[in-house]
Amino acid sequence: MLTQYLFVFAQVHDEFRIPELLSVAELYGFDIKFSEDPKERDTSRPFMILELESEDHARLLAGRCILIKYVCEFYARGKSYEEMHERNRLRKPQWEKYIADTSFKFMVTAFNHTIPQRRQRDVVEGFAYMDFQGKIDMKNPDITLSCFEEYPDRRGTIREKIEGDGEFDEVWFGRLIEVELARPLAKKFDVKKRAYFGNTSMEAEMSLLMANQTLASPGKLVYDPFIGTGSMAYTTAYFGAFVFGSDIDGRQMRGKAKPPGIIRAAAQYGVANRIMDLCTFDVTQNPWRCGELFDAIVTDPPYGVRAGAKRLGRKNQRPPKEGPPPVHVERPDDQPYIPPTKPYELSELARDLILLARYMLKPRGRLVFFLPTVTEEYEEIDVQTMLCEGMEIVANSLQNFGSWGRRLITVRKITTKKYPPPTFDPAHAVTENADGHVPAHKDFREKYFQGFKKNDSIADSSAQEV
């Protein structure tokens, strides 16, 4: 029999909420039943009622989901306290077992509002009909009964502190089960407190969300092909996974001191022993000689805002000279050879990343990566056309920055078929759809620095750069 639980979420990254819940439920092997009413799945509100088989499942979600603030056994809700109390009386079989001898306390709080302390007392006294006989214990009660008032968003308006008090949209009531078990991890992994970071380091909260999408857990092997300063490595390793990282620029991984920067930061979090190795190579010229090695691939590919993606090669290939081949001359110093690189266009990179994932992932393995898009130009087909045989979209969540945004794409390998290593041929890039529509992430770097102007100069500048 399913039981209803009230989940209260932090009002950040709204579109990531349901994918995170589903991923954690899949990780622990249980199902979540959502309401069939679309209004009940509205992520612009902090409250959501989910049906689960047991309280243990609710605790597991609270212990892993970064966006969960409170979890309660749900008792009642209403547009007014009268309506809520009427419904709560009907739920007496759920809470009557606590009447006789259970210490308790009440928590009364609100969303988008601060309830005066005097009215908080009035709210608590309104539950006198529950007739709890146990003692009131404000420090360590057996149960905490929680009441949440939901007010409309009034940000940007000038008003008195308690203006509109009691004029809520809805009130929710239940028994508190867990409080912010996973959210403190965002402070633990705060980039500003990290021993090693760079200007492209992913913010802590998003790194944790990405780790949850990979289903990171003890014994799993995770790969980041654009590891940079290692933001995703620390969070996935914290959840128990072993991490392998690579980057075309080894300086990003090493830093200027020893041991390498990523290892120093990993030691700060107690996960240095889970960083298997860090290698410098171009992902299109990789050393992998067999596939199906990894349980997940997670990465934030460079897309040109802070750092542009590169691959080995020359921007302008020189035509071969006539006559005999040039004579090799030894360099007078012992400096290593630094191969030339050329820009790696984003739509080409994204397509190659999915092909690499199909080859390197185990069946049911996940690829999790960010894809920047132009808000006005984006269409769902942009992501669908990146897919190849054997791969399917699990989640597509937008982090909106206004004129542009970045989408956290989660792709799952759904085939057991063996595929050859990808060739990383530029012809695989999705330059346009069948109807001539150009994906919103095509030539993103040029669009970004031109202020997302709709003109032909973007294509011209791209051609000149290549």
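Description of the structure in this document. (Residues numbered from 1 in each chain as written. Predicted model: local features only at pLDDT ≥ 70, side-chain atom pairs only at ≥ 80, totals over all residues. Heavy atoms only, no water.)

1. Some remarks on the environment of Glu 322
In this fold, Glu 322 is placed in the loop between strand 11 (310–312) and strand 12 (341–343). In this structure Glu 322 comes out as exposed when scored by relative accessible area, which is 80%. (Helix = DSSP H or I, 4+ residues; strand = E, 2+ residues; numbered from the N terminus. Buried < 20%, exposed > 50% of the residue type's maximum accessible area, 1.4 Å probe, protein only.)

2. A look at the sheet that holds strand 2 (residues 47–52)
Taken in spatial order, the six strands of this open sheet run 2-1-3-6-5-4, and their pairing is mixed. Of all strands in the sheet, those with a lone pairing partner are strand 2 and strand 4 (104–111), marking the two edges. Within the sheet, the average angular offset between the axes of one strand and its neighbour, ignoring direction, is 35°. Summarising the sheet, strand 3 (residues 68–78) and strand 6 (residues 170–179) pair through eight bridges and their orientation is antiparallel. Among the inter-strand pairings, Cys 72 is bridged to a residue of strand 6, identified as Leu 176. Relative to the sheet, helix 3 (residues 81–90) contacts strand 3, strand 5 (143–150) and strand 6, its axis offset from that of strand 3 by approximately 85°. (Pairing = 2+ DSSP bridges. Axes fitted to C-alpha atoms, helices over the stretch in contact; angles between N-to-C directions. Contact = heavy atoms within 4.5 Å.)

3. Quick notes on the packing of aromatic side chains
Summed over all chains, the structure comprises 31 aromatic pairs. An angle of 20° between the planes, with centres 6.2 Å apart, marks the rings of Phe 7 and Phe 9 as stacked. A relative accessible area of 3% means that Phe 9 is categorised as buried. Every member of this aromatic cluster is reached through a ring pair, and the members are Tyr 75, Trp 95, Phe 104, Phe 106, Phe 127, Tyr 129, Phe 132 and Phe 173. (Phe/Tyr/Trp six-rings, centres within 6.5 Å; stacked < 30°, edge-to-face > 60°.)

4. A word on the packing of helix 7 (residues 204–213) against helix 8 (residues 231–238)
Interaxial distance between helix 7 and helix 8 falls to 8 Å at its minimum, and their mutual angle equals 55°. It follows from the interaxial angle that helix 7 and helix 8 lie oblique. Crossing angle aside, the handedness with which helix 7 passes helix 8 is right-handed. Of helix 8, the residues touching helix 7 (which contributes Ser 207, Leu 208, Met 210 and Ala 211) are Ser 231, Met 232, Thr 235 and Thr 236. A class-by-class count of the residues in the contact of helix 7 with helix 8 yields four nonpolar, four polar and no charged. (Parallel < 35°, antiparallel > 145°, perpendicular 65-115°, else oblique. Left-handed = near helix turned anticlockwise from the far one by under 90°. Nonpolar A, V, L, I, M, F, W, Y, C, P; charged D, E, K, R; others polar.)

5. A word on the nonpolar core
Counting 57 residues, the largest nonpolar core has Phe 7, Leu 21, Ile 32, Leu 52, Leu 61, Ile 68 and Met 210 as its most contacted members. Ranked by residues supplied to this core, first place goes to helix 7 with six residues. Shared between two domains, this core takes at least three residues from each, and those domains are domain 1 (3–181) and domain 2 (188–315 + 337–448). For Leu 52, the residues in contact, after removing those within four places along its chain, are Met 1, Leu 2, Thr 3, Tyr 5, Phe 7, Phe 30, Asp 31, Ile 32, His 57, Ala 58 and Leu 61. (Core = buried A, V, L, I, M, F, W, Y, C linked by side-chain atoms within 4.5 Å. Domains from an automatic or database assignment.)

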